[in-house]
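Architecture at a glance
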Amino acid sequence: MATGDSEDMHGRLRKLIPPGWFSEDSPFLNAALEQCAAGLSWCYALYGYARKQTRLLTASNGWLDLIAYDFFGHQMRRWTGEKDDLYRRRVHTRLFRECGTRQAVTDVLTDLTGQVPDVFEPQRPLDTGGYNMPANGYGQAGRYGSVMLPYQAFIQVTMPALEIHSSIAGYHCSPSGYSSKAWGAYLCADEVDRGLRSYGVQEAITSVKPEGTIIWLRLQ
């Protein structure tokens, strides 16, 4: 099976030459074939790379961002320092995720934070209870509702814990300042887990919530 490397291309070119035209050890022919093989090998590798960038599951770098932009515009941006695999997983999940329902909002926030959000709809009897309902008096299901807040929901989201590097500090910080001999450790900016941003939560909700609804968000 052809691999596309320079040695393989050289052998394939050699087979195209009619037998008897050149001797097997012709240095000029071998040099010419090696140069042609190197160019063809580069083209083959470029073709393989370009072909991968046309599929979500194999695209990388900026090509993956372009695929996400084609589907979602600015609503599905890559987070700062986010790797291709994680970004690809978010885009793939977004493509096939349930949308336009309360469960969709709950699912996307659970996947994003690892915690089930507290969703309260003032006009939903299952959240508020109701008069003359068996074993479900008004205000007994959770909170008091209101008919003055149609198509609205209050969501409380528990954010994931932020990773802290306790033994590494910045310039002029005590007791373990940058490059301090007590620890002698350096930390690259890409290695810092900045945690989930609030705009990431807002974008996630906007991507799946029913159109025409208002979401009041509280992060804790």
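This text goes with the structure placed above it.
Summarised in this report is the structure supplied together with it. Every chain's residues receive numbers from 1 upward, in the order its sequence appears when written. Only residues with pLDDT of at least 70 get local features here, since the model is predicted, and only at 80 or more are side-chain atom pairs given and counted; chain-wide, interface and lining totals rely on the full set of residues. Hydrogens and waters are ignored; side-chain quantities use all the structure's heavy atoms.

1. Quick look at the nonpolar core
We count it as follows: Among the buried residues, those of types Ala, Val, Leu, Ile, Met, Phe, Trp, Tyr and Cys that are joined through side-chain atoms within 4.5 Å form a nonpolar core. Here the term buried applies to any residue with accessible area under 20% of the maximum for its type, exposed to any over 50%, and partly exposed to those in between, with areas from a 1.4 Å probe on protein chains only. The numbering of helices and of strands both runs from the N terminus, where a helix is a DSSP run of H or I of at least 4 residues and a strand a run of E of at least 2. Contacts are assigned to residue pairs that have any heavy atoms within 4.5 Å of one another.
One finds A104, V105, V108, L109, V119, I155, V157, V201, A204, I205 and V208 forming the largest nonpolar core, which totals eleven residues. Every element with two or more residues in this core is listed here: helix 5 (102-113), strand 2 (152-157) and helix 7 (198-208). Sequence-distant contacts of V108, defined by excluding residues within four places in its chain, comprise R97, A204 and V208.

2. Quick word on the layout of surface pockets
Put simply, the test is: Of the grid points, spaced at 1 Å and generated over the protein atoms alone, those admitting a 1.4 Å probe that cannot get out make up cavities, while open sets with protein on both sides within 12 Å along at least five of seven lines make up pockets; any residue with an atom within 4 Å of a point is treated as lining. Grid points are joined across faces, edges and corners, and a volume is the space filled by probe spheres set on the points. Put simply, Ala, Val, Leu, Ile, Met, Phe, Trp, Tyr, Cys and Pro go in the nonpolar bin, Asp, Glu, Lys and Arg in the charged bin, and everything else, Gly too, in the polar bin.
In this structure, the second largest pocket spans a volume of roughly 260 Å³. Mapped by element, the contributors of at least two residues to the lining of the second largest pocket are helix 5, strand 2 and strand 3 (214-219). Examining the composition of the lining of the second largest pocket, we find that three residues originate from one element, strand 2, more than from any other. Partitioned by chemical class, the residues of the lining of the second largest pocket number nine nonpolar, four polar and four charged.

3. Regarding the packing of helix 3 (residues 61-72) against helix 4 (residues 84-96)
Quick note on the threshold: Note on method: axes are straight lines fitted to C-alpha atoms, helices fitted across the in-contact stretch only, with angles between N-to-C directions ranging 0 to 180 degrees. Note on angle classes: values under 35 degrees are labelled roughly parallel, values over 145 roughly antiparallel, values of 65 to 115 roughly perpendicular, and the remainder oblique. Definitions for this section: a left-handed crossing has its near helix turned counterclockwise from the far helix by less than a right angle. A right-handed crossing has that turn clockwise.
Look at helix 3 against helix 4: their axes get within 11 Å of each other, and the N-to-C directions meet at 20°. In terms of orientation, helix 3 and helix 4 fall into the roughly parallel class. Note on packing geometry: the crossing formed by helix 3 with helix 4 is left-handed. The segment helix 3 lies against helix 4, with N61, L64, D65, A68, F71 and F72 engaging D84, Y87, R88, V91, R94 and L95. Its residues assigned to classes, the contact of helix 3 with helix 4 comprises seven nonpolar, one polar and four charged.

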